[in-house]
Amino acid sequence: MASNAEATVVLLVTVGIDGNVSDAAVAESGGELFDHAAIDAVKQWRFNPARRGNEAVVSRIRIPFRFSRPAVEALPSAPPTPPAVTPVPPQPEPSSAPTDVAAELGQEPIDVTVKGQPRPASRGTSDFQIEVGALSAVPRESAAEFLKLVPGVFLTNDGGEAHAEQVFLRGFDAREGQDIEFTVAGMPINDSGNVHGNGYADTHFIIPELVSYLRVMEGSYDPRQGNYAVAGSADYELGWAIPGITAKYTQGSFQTKRLLLLWGRGRAERETFAGIEIYETQGWGESRAGRRASAMAQLVGGSGAHRYRFLVTGYTASFRSAGVLREDDVLAGRIGFFSTYDPRQGEDASRISLSGELTSRVGALTISNQVFAVARPIRFLENFTGFLLDFQTDLQRLHPQRGDLIDATSTEWTLGARGSGRLSRELFGRSQLLEAGYYLRGDFASSQRTRLDAGSSAPYKIETDTDSRLFDMGLYLDANLRPLPWLALRGGIRGDLFTFDVKNNCAVQSVRSPGRSSDASCLDQEPFGFRREPFQRYSSFGLSHLPRGSILLGPFFGLTASASYGRGVRSMDPIYVGQGLQTPFASAVSREVGLSFNRQLGLVELGLRSAWFQTRVDQDLIFSQTAGRNINSGASTRVGSTNFARLSGSFFDLLANFTYVNATFNDDGLLIPYVPDRVARFDGVVYGDLPGPRPLGFPLRGLLATGLTYVGRRPLPYGERSNTIFTVDLNSSIGWSWIDIGLSATNLLDRRYRLSEYNYVSDFHSNPLLPTLVPARHFTAGAPRAVFLNAAIHLDGQR
Amino acid sequence: MKSRALCLGLALFGLALAGCNQTTGGARISFRAAAAGPDLDPAEIPRFLNNLAYQVTLSGATLHIGAIYLNANPSISTANDQFGCYGGGRVVGQVLGALDIDLLSREPQPFPVHGEGTEWQARAAAVWLTGTQRVDITQDSQVILNVAGVAERAGQRYPFAGELTIGANRLRPSPNPATPGIYPICKERIVAPVLIDARLTDGGLLLLRVDPAELFRLVDFSSLPLSETNPTTRTFSKARDNAPTEHLYTGVTSPQTYRFLWQSAEGVAR
């Protein structure tokens, strides 16, 4: 590595006829870090292609980069990609074949000014920072499916298409986000105080096409990670690289229709965009119809040492859900594989969010502040147990079982801010970074869960009714030190203070020695009939101290070894809060060691990672179908290995990952149910211009993308295992100039599989006279094959 | 323990292709179920002396059982309104098939369906005397008990017959207006807790023995009303209008009337 953070790198860059960089090779090295920085930067550039006459041709140019210490920002610890604004190099001269046009360009170095956000410094092998790039062509129905790009992720959904995916990450059953901190552009997605489960994180409001970058950290190794980062965290960055207006229409199986309109400023300013999506489907089985609309717009700009970003999102959806089926009923032919017991199930969800962020550099100090606001009404209708839970109580008039359909609603308002100050100092001949930051979030949530009568759908029982005011104030210190060229020490400490103020509007639901009868759910009497108000207020707090750190050794010829340690927490679900001085919270300790290898091998870029990890959680959460929510269980430990490989070149991008994990309860060593111990995923795309005719001088473009998912047999309660899952998704398209047409298919092999499986007690009147009260196998059906026709036009005059 | 170490080893080296034999614990099981009269000499079963010195000779005794549930909690009770009629605890076994048991036969009469449950220790049982309706529906005309015979005391003979049902005729009014739901019909139909102490395992046999003598232990046959259609025979009525009928009903709904035995698949009696 060059001393004093200065170096010169000369790249040999191949520019395609579309103006994109199809290859970049190092002609003169300035050190591995600078080489990567230069390559990453130039890959974001877009050129005016060289032309012979009126015809665009491939060209090759030599571009020298000179890295010098900038006035305000020290040596980036990670390649400074993507530059939001880059100089457009001179147009190469035409040539009959790929030609070295260095002479035309001259040998004067180009001074590169990098704007935009530098990528965070890696915290170890399990810190996955993934440019989605061409892999966006792999069929994905939601933004959550991008998580599959990292090892150990398996997604299920038993609540319908508007329901957040249940995420399994590296041995965790994170349910709908309870154990993963989700953010988009730094704005929180997890719902604190959500009636379905604290930390519920629904990413369906994110238009998948707009996901440009994903950072998933498996474990809690970065002090910036906050509440819910028990299994890890996932941050989505958004962007749209195609300039002008893109209109995309999809129609296919099950009367599915989708219209998508996108606007962007092009690759160099991809962070500025606007998009709107409208989607409708009749669903692939009974009670699966739904519709949604989503809009997102982001504006990024700035000048000099200031950068701003505004993001606004809006989303509304209404979907039906089939829920679970009993295996014995399906095998006996009492109900179909894609049918439902209760067609009233479903979800209505909306979300509006605003975020504003300002980053300024003053000398060696970079200050960033972000404010955000989220409004989130949501309603769930779920029936996991049929007719099981409606007990006749002494106070009630006589009644039969009225059914277990849960009607759960939450209205949440979130206000918050986060910020940091990062100071760069020269020490040991290298740049050293220190950062202090804060996080402030307030949630105001009203939640109610009732049960509805099976015949009339009238609510007959209030199970919970709470008004919550929840606050999280976090502070952290983080250091990014390089005492030696091959040694990086990164980490610090974070503290979070959680405060809870919960008003339980239904605090009394049963009374010994009642004074009068009542069919009401929330009673206003104490024993012997003494009157009281039915509510009770509880306030409490919890304070966490979270040390986190990583050591990275290397790179040595592309190989980096790392070791990481950290603690993460999940705040208490408001429903469990009692009056007290301190409220406990779930705490996880993660440890791992790993190796990563990154190397440019000719025209191919290769990345390999392997990590071995252990995570201990003191209070795990397991979903209870009878409670209809997550309930506390004991301490647990996960030990395993994640493996990742990505191979990319000018016309392909291949990514594969495989995870093995052993997740057990600490007290008896038994496996944690439902957590898959083997997960494998492959994403691949091949793309480029097709040989042959070039109508009107424009080449034909071709693309073929596939996603393969394998999930081993998951452990289920009572010593059983689920079925394996193996699915193939495929997308193909052909394009010319401003139009693309393609076919995509999900579950191409049309495998009939069970997306999720459970063992628990339910009574769906399988036996018309007698309740079933012992555990039985339940499942939610996986989607059958679906085929879609996709058409897109790009109204920018450049394609 | 060895298996767990192997799995940890696999995880350590990333060699995840081999299988691990760890488990979440427990198992779901299937077992056979049957019911019979007492395990006595066939000639002795119909003849017994009750507590009021009646020598009873049964010519017929049939008991209708709707279902059996086995629970891990020995103190399940339908009296606790926190758990409703299911009695709380954790159900670890169930037999969901109705059977009309000939109480005068000692030979096991199989239920029409296999039982199912989980590998666990059963400590209490609930016998459901249900018929044509779900347990919480009041109207049900199913005959639960059908008996006939002769009782003798002090040289007097009391031919008798009768049927019991548990429907609207057995609905009890609440003694306290503050607790209108204290006596739902399901509590009349569920007999619990019946003692059992058996480790349920796959392929085992659950045998229920019902001693008809227990049904008549407190019945004063001389107080039974005569049948309107057959004046030579006394009859148990479906209504709650005489003490002998109530005593017979008490016998039917008493946990002491029922005795469970478990035989594992290997034939080891528990």
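Residues numbered from 1 in each chain as written. Chains lettered and ligands numbered in written order. Predicted model: local features only at pLDDT ≥ 70, side-chain atom pairs only at ≥ 80, totals over all residues. Heavy atoms only, no water.

## Details of the overall build of chain B
Heads up, the condition is: Helix numbering and strand numbering both begin at the N terminus, where a helix is a DSSP run of H or I of at least 4 residues and a strand a DSSP run of E of at least 2. Three exposure classes are used, based on accessible area relative to the maximum for each residue type with a 1.4 Å probe and protein chains only: buried under 20%, partly exposed in between, and exposed over 50%. It only takes one pair of heavy atoms within 4.5 Å for two residues to be counted as in contact. All accessibility values rest on the Shrake-Rupley procedure with a 1.4 Å probe; residue burial counts only the protein chains present in the view.
Within chain B, the regular secondary structure consists of four helices and 15 strands. Counting only residues that meet the buried cut, chain B has 50% of its 270 residues in that class. For chain B, the proportion of contacts with a sequence separation of at least 24, taken over those separated by at least 6, is 74%. A total accessible area of about 11,700 Å² is found for chain B, and carbon and sulfur atoms account for 54% of it.

## Things to note about the overall build of chain A
From N to C terminus, chain A includes three helices and 43 strands. Scored against the burial criterion, the 799 residues of chain A give a buried share of 59%. Looking at chain A alone, contacts between residues at least 24 apart form 67% of all its contacts between residues at least 6 apart.

## Focus on a nonpolar patch on the surface
All names here are of chain A. Applicable threshold: Exposure above 30% relative accessible area and no salt bridge define the residues that can form patches, which grow by joining like charges within 9 Å and nonpolar side chains of Val, Leu, Ile, Met, Phe, Trp and Tyr within 5 Å. Think of a salt bridge as a Lys or Arg side-chain nitrogen and an Asp or Glu carboxyl oxygen that are within 4 Å of each other.
Where nonpolar side chains cluster on the molecular surface, the patch consists of L423, L434, L481, L484, W486, L489, I551, L553, F556, F557, L559 and L595 and spans about 1,000 Å² of accessible area. Breaking the nonpolar patch down by element, the ones donating at least two residues are β25 (459-484) and β27 (536-556). In terms of residue count, the dominant contributor to the nonpolar patch is β27 (three residues). Relative to the helices and strands, L434 resides in strand β24 (residues 430-452).

## Side note on the interface of chain B and chain A
Under the convention used in this document: In this description, buried area is defined as the sum, over both parts, of the accessible area (probe of 1.4 Å) that is lost when the two are combined. For the purposes of these results, a polar contact is taken to be a pair of N or O atoms within 3.5 Å, where, inside protein, one atom must be able to donate a hydrogen and its partner to accept one; residues adjacent in sequence count only when each atom of the pair is a side-chain atom. Amino acids outside the nonpolar list (Ala, Val, Leu, Ile, Met, Phe, Trp, Tyr, Cys, Pro) and the charged list (Asp, Glu, Lys, Arg) are all regarded as polar, and Gly is one of them.
At the junction of the two partners, chain B supplies 57 residues and chain A supplies 54 residues. With both chains or domains summed, chain B and chain A bury close to 4,300 Å², and 57% of this area falls on carbon and sulfur atoms. When the area that chain B buries against chain A is broken down by residue, the three leading residues are B:T24, B:R28 and B:R134, summing to 18%. Scanning the region where chain B abuts chain A turns up three salt bridges. Across the pair A:D763 and B:R134 runs a salt bridge, and its minimum N-O distance is 2.9 Å. The interface formed by chain B and chain A contains 18 residue pairs in polar contact (both at pLDDT 80 or more). Elements with a contribution of two residues or more to the side of chain B that touches chain A: α1 (2-13), β4 (67-71), β5 (91-95) and β8 (115-118) of chain B. Broken down by element, the residue count for the side of chain B that touches chain A peaks at seven residues, all from α1(B). Its residues assigned to classes, the side of chain B that touches chain A shows 27 nonpolar, 22 polar and eight charged.

## Quick notes on helix α4 (residues 243-252) of chain B
Counted only if it meets this: In this context, the arc is that of the directions from the helix axis out to the C-beta atoms.
Of all the positions in α4(B), only B:P244, B:T245, B:L248, B:Y249, B:G251 and B:V252 are classed as buried. For α4(B), the angular spread of buried residues about the axis comes to 155 degrees, placing them on one side.

## Digging into the pattern of salt bridges
All names here are of chain A. Applying the stated criterion to the full structure yields 58 salt bridges over all chains. Between E145 and K148 there is a salt bridge, with its nearest N and O atoms 3.7 Å apart. In this structure E145 comes out as buried when scored by relative accessible area, which is 13%. A residue is classified by how much of its surface remains accessible, and K148, at 13% relative accessible area, is buried. R309 is the salt-bridge partner of E357, the closest N and O atoms lying 2.8 Å from each other. Of the two residues, E357 sits in strand β21 (residues 346-362) while R309 sits in strand β19 (residues 306-320), which places them 48 residues apart along the sequence. R309 carries the same exposure label as E357, and that label is buried.

## Some words on the pairing of β19(A)
Residue and element names in this part refer to chain A. Put simply, the test is: In this analysis, strands are considered paired if DSSP registers two or more bridges between them.
Relative to β19, strand β18 (residues 290-303) is paired through 14 bridges, and the arrangement is antiparallel. Each residue of the ladder has a partner; that of S294, found in β19, is Y315. Connecting β18 to the antiparallel partner β19 that follows it, the hairpin turn spans two residues, and G304 within it adopts a positive phi of roughly 60 degrees. Note that β19 and β21 share 15 bridges and pair antiparallel. Each bridged residue has a counterpart across the sheet, and for F310 the counterpart in β21 is G356.

## Some words on the state of the cysteines
Residue and element names in this part refer to chain B. For clarity, the threshold we go by: Pairs of cysteine sulfur atoms within 2.5 Å are what we label disulfides.
Summed over the entire model, instances satisfying the criterion amount to two disulfides over all chains. Covalently, C85 is tied to C186 through a disulfide, its sulfur atoms 1.6 Å apart. Its S-S torsion of about 45 degrees marks the bond between C85 and C186 as right-handed, since a negative value means left-handed. Of this pair, C85 sits in the loop between β4 and β5 while C186 sits in helix α2 (residues 185-189), placing them 101 residues apart in sequence. Summarising the burial analysis for this pair, C85 and C186 share the class buried.

## Structural notes on the pairing of strand β39 (residues 725-736) of chain A
Each regular strand displays side chains that alternate between the two surfaces of the sheet. Residue and element names in this part refer to chain A. Direction of pairing for strand β36 (residues 700-711) relative to β39: antiparallel, over a ladder of twelve bridges. The residue bridging T706 from the neighbouring strand is L730, located in β39. Linkage of β39 to strand β40 (residues 739-746), two consecutive antiparallel strands, is achieved through a turn of two residues, within which S737 is found at a positive phi near 50 degrees.

## Points about unusual backbone geometry
Residues and elements named next belong to chain A. That bond from G554 to P555 is cis: its omega, 5 degrees, falls within 30 degrees of zero. Position of P555 relative to the elements: it lies in strand β27. One non-glycine residue with positive phi stands out, namely Q255, at about 55 degrees.

## Observations concerning the sheet that holds strand β41 (residues 754-760) of chain A
Ordered in space as β20-β42-β41 (chain A), the three strands form an open sheet in which the pairing is antiparallel. Edge positions in the sheet fall to β20 (325-326) and β41 of chain A, since each of these pairs with one other strand and no more.

## So, the confidence of the model for chain B
All names here are of chain B. The line we're drawing: The predictor attaches a confidence to each residue, called pLDDT, with possible values from 0 through 100.
Model confidence for chain B is summarised by a mean pLDDT of 89, while 90% of its residues fall at 70 or above. Low pLDDT (under 50) marks residues 15-19, which in the prediction has nine contacts with non-local residues, meaning those over four places away or in another chain. Both confidence scores are given for the complex: pTM 0.86, ipTM 0.91.

## Comments concerning the packing of aromatic side chains
For the record, the criterion: Side-chain rings of Phe, Tyr and Trp, where Trp is taken by its six-membered ring, are said to pair if the distance between their centres is within 6.5 Å; with planes under 30 degrees apart they count as stacked, over 60 as edge-to-face, and otherwise as tilted.
Per the counting criterion, the structure on display carries 29 aromatic pairs over all chains. On the basis of an interplanar angle of 40 degrees and a centroid distance of 6.4 Å, the ring pair of A:W486 and A:F556 is categorised as tilted. Separated by 70 residues along the polypeptide, A:W486 in the loop between β25 and β26 (487-504) and A:F556 in strand β27 bring together distant segments of the chain. For A:W486, a relative accessible area of 39% corresponds to the partly exposed category. Ring centres of B:F221 and B:F236 lie 6.4 Å apart, and the angle between their planes is 75 degrees; this geometry places the pair in the edge-to-face category.

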